[in-house]
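Each chain, letter by letter, is given below.
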Amino acid sequence: MRRIAILALAAAVAATSGCTVAGNAADGDAQQVVVGYQSKTINTVTAGTLLKAQGFFEKRLAEITGKKFQVVWQDYDTGAPITAQMIAGKIDIGSMGDYPLLINGSRGQQNAETRTKLISATGFNIRGALNMVVTTPGSKITSLGDLKGKAVSTSVGSAAHGTLVQALERYGVTDVRVENQVPQVGASALQSGNVVALSQFVAWPALLVHRGEAQPLYDGGDLKVPTFHGVVVRESYARDNPDVVKAFLKAQLDATRFLWADPLAAAQSVADATGLPPEVVYLYNGAGGQVTFDVQLKQVLRDAHAHDVPFLKSIGVLQSIDLAAFVDDSYLRAVYGDQYDADFAATANRAAITGTDEVCGRPVTDPALASEIWPVGADRTKPAATPTCLLRAVRKEKPRVAYVPDAVTGTRWFADRSRWVEDPAAPADERFKPFVTRTAADAYTAAHPGARVVPYAQAVARA
């Protein structure tokens, strides 16, 4: 596995190719700033896809610098090629996941001229639910233990790889063959039977499940290890162009606040730009979504980064990193405002599900239970106070899609793809409990006498 990881990183470095050197003049007297992003890794949208679609960066550049800039957006599937281009001086600002961020910082620190700084976060999940292991529908693989001796696809060195390894270790599973593949190749390998499971980051697990091509095997939220994405900048570029960095962070704040205020509009914007189904984007980026969007590098995220270092060293993709020198929130502090310290400890999702549940006739107040239905033909979603209330709403209105939180991990998931348990001992409005995985549903029934797994259609009928 170590050899595969090193080869993968070497290949990413070798892939650097002939784009214009970042920071050079372009289009007459306009200066060029190059941004590397991952359009389909949709917990980076406030520093990429949504930011680009809404034109926030260009507006802030004009406002703050008073100069002409040409923003060049370069789209990638993973963070490794963004890091390679930054080290080569061809990308100025980039966004990527927590593991690739560490590799980015480590590689940058190998040379004074290539150093990078981690300057903000984009989106996070405190429990780690942005990564998931899936199998094909009807697979005989029903638990992590069934993976022993089998092939599993993941992107080596990614947070999804870390989730897979930590989950296998926690459940005492050994002798699993890891195939190092980018997400779309891994998805094809899963469908062809070349691997029995796929461990990946957003939005791949939900996309495959939405298409009917996969079912969840392991919910990353079960790990309780935070995962996040963030923004890095070349240190030399930031030193020479501080106003550009501040303009980017101001624009990222604009995009984040836009998403907080109207998460459905933001999700539809991302869906239009990427071709991803709006139902999938909104699962992650919507009200109460799997992704909590916030620009601050919270202490819990910094601690998680330190926790990740030993794993990356163990697989040979990271030698050393000075995290204190890598993380720099001074640029963000300069543009954030007086609330920086007050907001630093907050980790709640500001794009919350709110309002009144029309079916159960009660306000939606508990994020751990709040659910949502998007009726067919409607341009807005409707809140439900609990998953049971959501099932009642489904009886009244045909859903385009409906979302519920896992009863244990809180991971937001599709109602019709969840495993439902009926618990007669629970309060009437909480009688039906959804779970992302079969393992979690079975564990609940084993611990609660009288509770039983029921099909989704039966849960809707009985709710």
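With respect to the overall build of the protein chain
Working step 1: Helices and strands together make up the secondary structure of the protein chain, namely 19 helices and 21 strands.
Working step 2: Its C-alpha atoms give the protein chain a radius of gyration of 22 Å, near enough to 23 Å, the size a compact globule of 463 residues would have.
Working step 3: C-alpha extents for the protein chain along the principal axes are approximately 70 × 50 × 35 Å.
Working step 4: Per-residue burial for the protein chain yields a buried fraction of 59% across its 463 residues.
Working step 5: At a minimum sequence separation of 6, the contacts of the protein chain that also span at least 24 residues come to 75%.
Working step 6: Total accessible area computed for the protein chain in this model is approximately 17,800 Å², and 49% of it derives from carbon and sulfur atoms.
Working step 7: Distance between charge centres in the protein chain, computed from 46 positive and 45 negative side chains, equals 4 Å.

Some thoughts on the state of the cysteines
What we call a disulfide is simply a covalent bond connecting the sulfur atoms of a pair of cysteines.
Working step 1: Applying the stated criterion across every chain, the model contains one disulfide.
Working step 2: A sulfur-sulfur separation of 2.0 Å characterises the disulfide bridge that pairs C360 with C389. An S-S torsion of about -110° defines the bridge between C360 and C389 as left-handed. Of this pair, C360 sits in the loop between β13 (356-357) and β14 (362-363) while C389 sits in helix α17 (residues 387-396), and the two are 29 residues apart along the sequence.

Considering the environment of Q299
Working step 1: Assignment of secondary structure puts Q299 in helix α13 (residues 299-314).
Working step 2: When its relative accessible area of 40% is taken as the criterion, Q299 is described as partly exposed.
Working step 3: A C-alpha to C-alpha distance of 35 Å links Q299 and Q70, two positions 229 residues apart in sequence.

So, the sheet that holds strand β9 (residues 197-201)
Working step 1: With mixed pairing, the five strands of this open sheet are ordered in space as β8-β7-β9-β6-β10. Every interior strand has two partners, whereas the edge strands, β8 (177-180) and β10 (215-219), have only one. The mean inter-strand angle of the sheet, taken between neighbouring strand axes irrespective of direction, is 30°.
Working step 2: In this structure, strand β7 (residues 151-154) lies alongside β9, joined through two bridges in parallel fashion. Looking across to β9, one finds that S153 is bridged to L198.
Working step 3: Docked against the sheet, helix α7 (residues 183-192) engages β6 (131-135), β7 and β9, running at close to 155° with respect to β9.

Details of the pairing of β6
Working step 1: Across the five residues of β6, five count as buried, placing the element largely inside the fold.
Working step 2: A two-sided burial pattern is seen for β6, the buried positions comprising N131, V133 and T135 on one face and M132 and V134 on the other.
Working step 3: In terms of strand pairing, β6 meets β9 through four bridges, oriented antiparallel. By the bridge assignment, N131 is partnered in β9 with F201.

A few points about helix α11 (residues 263-274)
Working step 1: An ideal rise of 1.5 Å per residue puts 16 Å on twelve residues; α11 measures up with 16 Å between its terminal C-alpha atoms.
Working step 2: Of the positions making up α11, those classed as buried are P263, L264, A266, A267, S269, V270, A271 and T274.
Working step 3: Considering only its buried residues, α11 is in contact with α2 (49-54), α10 (242-261), α12 (278-285) and β15 (371-375).
Working step 4: Immediately beyond the C-terminal end of α11, within one or two residues, lies G275, with a positive phi of roughly 85°.

Remarks on the sheet that holds strand β19 (residues 419-422)
Working step 1: If you walk across this open sheet you meet the three strands as β20-β19-β21, and the pairing is antiparallel. Strands at the two margins of the open sheet, each flanked by one partner only, are β20 (432-435) and β21 (452-454). Each neighbouring strand pair of the sheet contributes to a mean axis angle of 40°, computed without reference to strand direction.
Working step 2: Judged from the three bridges that link them, β19 and β21 form a sheet pairing that is antiparallel. Paired with V421 across the bridge in β21 is V453.
Working step 3: Against the sheet, α17 engages β19 and β20, with an angle of about 95° to β20.
Working step 4: Relative to the sheet, helix α18 (residues 438-447) contacts β19, β20 and β21, its axis offset from that of β19 by approximately 10°.

Topic: the nonpolar core
Working step 1: Counting residues in each nonpolar core, the largest one holds 95 residues, and the members touching the most others are V33, F57, Y284 and F414.
Working step 2: With ten residues, α10 is the single largest residue contributor to this core.
Working step 3: By size, the runner-up hydrophobic cluster in this structure holds 45 residues, among which are I82, L217, F228 and V309.

Examining the confidence of the model for the protein chain
Working step 1: Considering every residue of the protein chain, the mean pLDDT works out to 93; 94% of them sit at 70 or more.
Working step 2: Overall, residues 1-21 carries pLDDT values under 50, and its contacts beyond four positions in sequence, including any with other chains, amount to 34 contacts.

Here we look at unusual backbone geometry
Working step 1: Each neighbour pair has its own omega, and for V202 with A203 the value is 5°, a cis peptide bond.
Working step 2: Within the element layout of this structure, A203 appears in the loop between β9 and α8 (204-210).
Working step 3: Of note, the phi angle at D175 is positive, near 60°, even though the residue is not glycine.
Working step 4: By secondary structure assignment, the location of D175 is in the loop between α6 (159-170) and β8.
Working step 5: Here K224, not a glycine, exhibits a phi torsion of approximately 60°, which is positive.
Working step 6: Tracing the backbone shows K224 in the loop between β10 and β11 (227-234).

Some remarks on the side chain of D308
Working step 1: Examined against the element boundaries, D308 turns out to sit in helix α13.
Working step 2: It is R170 that comes nearest to the buried, bridge-free D308 among opposite-charge side chains, at 11 Å.
Working step 3: Residues within four places of D308 in sequence aside, it is in contact with D98, Y99 and L102.

Rules of the game
Residues numbered from 1 in each chain as written. Predicted model: local features only at pLDDT ≥ 70, side-chain atom pairs only at ≥ 80, totals over all residues. Heavy atoms only, no water. Helix = DSSP H or I, 4+ residues; strand = E, 2+ residues; numbered from the N terminus. Rg over C-alpha atoms; globule rule 2.2 N^0.38 Å. Buried < 20%, exposed > 50% of the residue type's maximum accessible area, 1.4 Å probe, protein only. Contact = heavy atoms within 4.5 Å. Areas by Shrake-Rupley, 256 points an atom, 1.4 Å probe, with all protein chains shown as cover. Lys, Arg positive; Asp, Glu negative; His and termini not counted. Charge placed at Lys NZ, Arg CZ, Asp CG, Glu CD. Disulfide = S-S within 2.5 Å. Pairing = 2+ DSSP bridges. Axes fitted to C-alpha atoms, helices over the stretch in contact; angles between N-to-C directions. Expected span 1.5 Å × (residues − 1). Core = buried A, V, L, I, M, F, W, Y, C linked by side-chain atoms within 4.5 Å. pLDDT = per-residue confidence, 0-100. Salt bridge = Lys/Arg side-chain N within 4 Å of Asp/Glu carboxyl O.

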